[in-house]
Every structure is written in C-alpha cells, then in structure tokens.
Amino acid sequence: MPKIIILPHFEICPNGEVIDAKPGLSICENLLQNHIDIEHACDQVCACTTCHVIVREGFDTLNQADDLEEDLLDKAWGLEPKSRLSCQAIVDKHDLTIEIPRYTINMAKEG
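The protein is annotated in an unreviewed UniProt entry as 2Fe-2S ferredoxin from Candidatus Methylopumilus universalis. Taken from UniProt, the Cofactor (unreviewed entry) comment for the protein reads in full: "[2Fe-2S] cluster".

Asker: Is there a simple way to explain a negative patch on the surface in this structure?
Answerer: On the surface, a cluster of negative charge is contributed by Asp66, Asp67, Glu70, Asp71 and Asp74. Within the secondary structure, Asp67 is located in helix H2 (residues 67-73). Judged by relative accessible area, Asp67 falls into the exposed class, the value being 64%.

Asker: Please explain the side chain of Ser86 as it appears in this structure.
Answerer: Of note, Ser86 is situated in the loop between strand S4 (83-85) and strand S5 (96-99). Note on Ser86: relative accessible area 0%, which makes it buried.

Asker: Looking at this structure, I do not really get the pattern of salt bridges. What am I missing?
Answerer: Oppositely charged side chains can pair when the atoms bearing their charge come close. Within the structure shown, the criterion is met by four salt bridges. Residue Arg56 pairs with Glu80 through a salt bridge whose shortest N-O separation is 2.8 Å. Separated by 24 residues along the polypeptide, Arg56 in strand S3 (residues 52-57) and Glu80 in the loop between H2 and S4 bring together distant segments of the chain. When the shortest N-O distance is used, the salt bridge between Glu99 and Arg56 registers 2.7 Å. On the criterion of sequence distance, the pair formed by Glu99 in strand S5 and Arg56 in strand S3 is long-range, its members being 43 residues apart. Using a relative accessible area of 35% as the deciding quantity, one classes Arg56 as partly exposed. Through salt bridges with shared partners, one network takes in Arg56, Glu80 and Glu99.

Basis of the calculations
- Residues numbered from 1 in each chain as written.
- Predicted model: local features only at pLDDT ≥ 70, side-chain atom pairs only at ≥ 80, totals over all residues.
- Heavy atoms only, no water.
- UniProt positions renumbered as here; feature names shortened; annotations may be inferred.
- Patch = residues over 30% accessible without salt bridge, like charges linked within 9 Å, V, L, I, M, F, W, Y side chains within 5 Å.
- Areas by Shrake-Rupley, 256 points an atom, 1.4 Å probe, with all protein chains shown as cover.
- Salt bridge = Lys/Arg side-chain N within 4 Å of Asp/Glu carboxyl O.
- Lys, Arg positive; Asp, Glu negative; His and termini not counted.
- Charge placed at Lys NZ, Arg CZ, Asp CG, Glu CD.
- Helix = DSSP H or I, 4+ residues; strand = E, 2+ residues; numbered from the N terminus.
- Buried < 20%, exposed > 50% of the residue type's maximum accessible area, 1.4 Å probe, protein only.

Pasting the structure below:
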C-alpha cells in the first residue's frame, strides 16, 4: 500500500503526517479519509484551487493534469512546476510526498 507523506503545515497538520493511501483515489480523497482536513471548496469537482498541493516526491507517478486543471492551477497561490489540484491527482502504487501551501485563494473556509 502506498504512503502519502504530508509535510508539516502550520494549521492542517503541524507535525506532518504519513498515511496509507488507496490507489485509484485522488490525493484529496485519501487525505480526507485519513482526517487531514485539506480545503476543497468546490467539493472536488475541479472548479477551484483550494485543494492545491505541491508534490515534492512522486510527481511523475500521478496521472497527467488535463487542460481544465492546468488552467485552474494558474490561479493557485504559490504555484510551482510540480503543483497539482489534489482532487484531480490520482494515487497509484507509489509513495508520494506532498506539501500543502500555506495559503489558498479561498475567501471562506469550510467548517
């Protein structure tokens, strides 16, 4: 079973976290199922950038981003070459290391 290593985030997981991931699910789904409360304002339908993550290791093992995701990523805070919308990045059998950016462009938080 692949692992997702989440680097420390001051609010969501201050000490970082390592979770077992289910292949075939998105990074976002895996995080939420493991009580990592990443923002997902559009309910994971690829209509916002609040679930933006930076894939520090394992980027090339993910499915390719489509044009809609690429267009949305251009609006994300802290965009990097290995940025993905976690609701669109599907986990396979390889481990991933991700960083959740400090900020989002979300004007209102869930919960």
